[in-house]
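As a plain string of letters, each chain reads:
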Amino acid sequence: MSYVFRPIQRLIEKGFYDPATRTVRAIKTKEMFTDSRDWQIEGALRMLFHVLDPDVAKDPKNLIVYGGTGKACRNWEAFEAIVDTLLTMRSDETLVIQSGKPVAVFETHRLAPRIIMANALIVPKWADWDYFRELETRGLTMFGQMTAGCWAYIGTQGILQGTYETFAFAAEKHFGGSLEGKLVLTAGLGEMGGAQPLAVKMNGGVAIVVEVDKKMIERRIRFGYLDTWTDSLDRALDLAHRYLERGEGYSIGLLGNASDIYWQLYKEGFKPDVVTDQTPAHDPLSYIPSGLSVEEAEILRNKDPEKYKKMSMESMRRQVEAMVGFMRRGSVVFEYGNNIRRMAYEAGYSEAFSFPGFVQAYIRPMFEEGRGPFRWASLTGDPKDIEILDDEVIEMFRHNKRLVRWIENARRFVKFQGLPSRVVWLGYGERAAFGLKINELVRRGVIGPIWIGRDHLDSGSVASPYRETEGMKDGSDAIADWPVLNALLNASAGATWVCVHHGGGVGIGYSIHAGLGLVLDGTPESDFRAKHVLTTDPGIGVIRHADAGYETSIRIVKEKNIKAPMIK
Ligand code: NAD
């Protein structure tokens, strides 16, 4: 294929994309590449390149960003067509992306979203992995996970904050506020799970994290998220006890299969203080069954997927049985958003739901306030912009001790991946105030243009009955109107891009969720977008919870005068 007459050539020439090796690099320049010279479009282009940077994405050659097979776009042809379109489209047009494939550009208006996306949506009757894969093989869809398909993934930091909060909540609820002297057993050092060792350490605890792939262990050590590793269970336990006695935070990667190790520890009468898991259990073809190496798993997955799935389900069943066993022994046990209880249940273990999911156990009180994983990135790749915004967020929210502790820890431990970025959990009112502050700093030239986004795991943007909406007060766990309303509302309010996805986190058939991107370029238009989007987005979260009967949300609706005709 010749690239000579294609707009993408300008990025190839600058070394941001190499079509021969399929290498994409985050664009960290002040120079703009889009014809529009409009940061609303340039920002979207940069976020696409950012999520596919080798420092960010798990398997960039296959366009996979994180979370099993979560992709940024359908295939390389679609990638190039998206880039060509972004480089040449006008500031009053909207690009339509259907499961990672750019299908149309329509004239809309300047304050409309520049991009709208839908990923992996399937009519409910057909919505399972088997049918999804059939459609995927026929080139008709792609799995966008949560933040992969809407270009909002910021590396492991994104999940680090959420994981830090979760363990902090668990520490508060069960151990008087700290994990000091406590052992956490967990598994999976992938793009999400890789945050666990550092999050436990930030809370003062010792983590043993079982991971089957040595490359993933090495990657976490390289990024500073994991302290050491071993392939011996005895050595891992010895090391853990040494640090537990000293009351020092520490993290150990244990090379092995979670199903085997959990079962062995359970059978040997062991009782960790906290047990969870972040293997990719949402997808039985990503979870590695007991008895197979990573390489053997790859071969069997291709040769005999049915046999693979059976082995996977059986391994998950045994792992969950061990987890329930730990719980009965007195460990604090929770599922960490990967649907492993459901898989074990489907594999015949009727007691799989004996322990709760992490949202129900620890995160819901934050969702009730519209609080969730709000994040920003420097679109010119300048780490100084993030430092300035770190100071600013501390200044504005000094009263929030947990937030201040997080920023201090993040500054110390987090290595940026791709475009420098930061995540902080902010709530209703706080997000709009901070967004307007950022835009003011951009306008004054103190910092460069900034992208704002968030995880789909947020207050009002997701329906996921085994995770974010598990055990809702009014039984509305499976009502999926809310994420769709969230996306429609954010599009009406002026988000730069919006998306609706299916299946992120817990797998096809189990969730519907929405995301957004918002570019702040210092213009009055960005003030308008920030003020509205950063109010509607957490606002619909408060309403969703108020509607379900949560007292805190009802109080916020009244105090902040949110118009809600049926909330009394
Ligand atoms: P990933 O695919 O990037 O990594 C999974 C890791 O688990 C890999 O390193 C893999 O080698 C390892 N693994 C697979 N099978 C194993 C086994 N049997 N024993 C030990 N290690 C094994 O996935 P990820 O992005 O880290 O996500 C992990 C899970 O968490 C997924 O199910 C994802 O949907 C879910 N998730 C959770 C949250 C959350 O908020 N907690 C958010 C998004 C996704």
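Residues numbered from 1 in each chain as written. Predicted model: local features only at pLDDT ≥ 70, side-chain atom pairs only at ≥ 80, totals over all residues. Heavy atoms only, no water.

Caption draft 1: Main features of the packing of aromatic side chains. Summed over the entire model, instances satisfying the criterion amount to 26 aromatic pairs. Here Trp-151 and Trp-497 contribute two aromatic rings whose centre-to-centre distance is 6.2 Å and whose plane-to-plane angle is 55 degrees, an arrangement assigned as tilted. Of this pair, Trp-151 sits in the loop between helix 4 (129–137) and helix 5 (156–175) while Trp-497 is found in strand 18 (residues 497–502), placing the two residues 346 residues apart along the sequence. The exposure classification of Trp-151 matches that of Trp-497, with both residues buried. Residues Phe-367 and Trp-425 carry aromatic rings whose centres are separated by 6.2 Å and whose planes lie at 0 degrees to one another, so their mutual orientation is stacked. Taken together, the residues span a long stretch of sequence, with Phe-367 in helix 13 (residues 358–368) and Trp-425 in strand 15 (residues 421–426) at a distance of 58 residues. On the basis of relative accessibility, which here comes to 0%, the residue Phe-367 falls in the buried class. Among the residues examined, Trp-425 registers a relative accessible area of 4% and is labelled buried. Taken together, the ring pairs in this structure connect Phe-167, Phe-334, Tyr-336, Phe-358 and Tyr-362 into an aromatic cluster. (Phe/Tyr/Trp six-rings, centres within 6.5 Å; stacked < 30°, edge-to-face > 60°. Helix = DSSP H or I, 4+ residues; strand = E, 2+ residues; numbered from the N terminus. Buried < 20%, exposed > 50% of the residue type's maximum accessible area, 1.4 Å probe, protein only.)

Caption draft 2: Seen up close, the site of the ligand. Neighbouring the ligand are 33 residues; Lys-58, Glu-211, His-282, Ile-288 and Gly-505 lie closest to it. In this structure, an oxygen atom belonging to the ligand sits 3.0 Å away from a main-chain N or O atom of Glu-191. Tyr-336 places a polar main-chain atom, nitrogen or oxygen, 3.3 Å from a nitrogen atom of the ligand. Here the ligand, which alone exposes 860 Å², has 97% of that area covered by the protein. Here the shell around the ligand is built from residues that sort into 14 nonpolar, 14 polar and five charged. (Near = heavy atom within 4 Å. Polar contact = N/O pair within 3.5 Å; in protein donor to acceptor, adjacent residues only side chain to side chain. Areas by Shrake-Rupley, 256 points an atom, 1.4 Å probe, with all protein chains shown as cover. Nonpolar A, V, L, I, M, F, W, Y, C, P; charged D, E, K, R; others polar.)

Caption draft 3: Representation of a nonpolar patch on the surface within the structure. Taken together, Val-484, Leu-485 and Leu-488 make up a surface patch of nonpolar side chains, about 250 Å² in accessible area. Relative to the helices and strands, Leu-488 is located in helix 17 (residues 481–493). (Patch = residues over 30% accessible without salt bridge, like charges linked within 9 Å, V, L, I, M, F, W, Y side chains within 5 Å. Salt bridge = Lys/Arg side-chain N within 4 Å of Asp/Glu carboxyl O.)

Caption draft 4: Quick look at the pattern of salt bridges. Enumeration according to the criterion identifies 43 salt bridges in this entry. Between Arg-371 and Glu-369 there is a salt bridge, with the nearest N and O atoms lying 3.1 Å from each other. The exposure class of Arg-371 is buried, given its relative accessible area of 13%. A salt bridge links Asp-390 to Arg-411, with the shortest nitrogen-to-oxygen separation between them at 3.3 Å. Of the two residues, Asp-390 is situated in helix 14 (residues 383–396) and Arg-411 in helix 15 (residues 401–413); the sequence distance between them amounts to 21 residues. Arg-411 gets classed as partly exposed once you look at its relative accessible area, which sits at 38%. Salt bridges linked by common partners bring Arg-6, Arg-22, Glu-80 and Asp-84 together as one network.

Caption draft 5: Summary view of the environment of Asp-527. Locating Asp-527 in the fold gives a position in helix 18 (residues 524–547). For the pair Asp-527 and Tyr-308, spaced 219 residues apart in sequence, the C-alpha separation works out to 52 Å. Each residue touching Asp-527, except ones within four places of it in the same chain, is listed here: Leu-436, Asn-439 and Arg-443. (Contact = heavy atoms within 4.5 Å.)

Caption draft 6: Spotlight on the side chain of Glu-430. By the element assignment, Glu-430 lies in helix 16 (residues 430–443). A relative accessible area of 14% means that Glu-430 is categorised as buried.

Caption draft 7: View of the domain arrangement of the chain. Entries for the chain in the domain assignment read domain 1 (37–137), domain 2 (157–361) and domain 3 (366–559). A separation of 20 Å is found between the C-alpha centroids of domain 1 and domain 3. In this complex, domain 1 contributes 27 residues to the contact, which on the side of domain 3 involves 27 residues. Carbon and sulfur atoms supply 62% of the area buried between domain 1 and domain 3, which totals about 2,400 Å² over both sides. Linking domain 1 to domain 3 there are one salt bridge. We note a salt bridge from Glu-525 to Arg-110, for which the minimum N-O separation is 2.9 Å. Viewed at the interface, domain 3 and domain 1 are joined by 17 residue pairs in polar contact (both at pLDDT 80 or more). Breaking the side of domain 1 that touches domain 3 down by element, the ones donating at least two residues are helix 2 (39–52), strand 7 (115–119) and helix 4. The element best represented in the side of domain 1 that touches domain 3 is helix 2, accounting for seven residues. Grouping the amino acids of the side of domain 1 that touches domain 3 by side-chain chemistry returns 17 nonpolar, four polar and six charged. (Domains from an automatic or database assignment. Buried area = accessible area lost by both parts, 1.4 Å probe.)

Caption draft 8: Representation of the sheet that holds strand 8 (residues 183–187) within the structure. Ordered in space as 10-11-9-8-12-13, the six strands form an open sheet in which the pairing is parallel. Two strands in the sheet have a free side with no partner beyond their single neighbour: strand 10 (228–230) and strand 13 (332–333). Pairing analysis gives three bridges linking strand 10 to strand 11 (residues 250–255), with the strands arranged parallel. Each bridged residue has a counterpart across the sheet, and for Thr-230 the counterpart in strand 11 is Leu-254. Across the sheet, helix 8 (residues 233–246) lies against strand 8, strand 9 (206–211), strand 10 and strand 11, angled at about 175 degrees from strand 11, the strand it touches most. (Pairing = 2+ DSSP bridges. Axes fitted to C-alpha atoms, helices over the stretch in contact; angles between N-to-C directions.)

Caption draft 9: View of unusual backbone geometry. One non-glycine residue, Arg-22, lies in positive phi territory at about 55 degrees. Within the element layout of this structure, Arg-22 appears in the loop between strand 1 (17–18) and strand 2 (23–24). For Gln-145, which is not glycine, the phi torsion reads 45 degrees and is therefore positive. Within the element layout of this structure, Gln-145 appears in the loop between helix 4 and helix 5.

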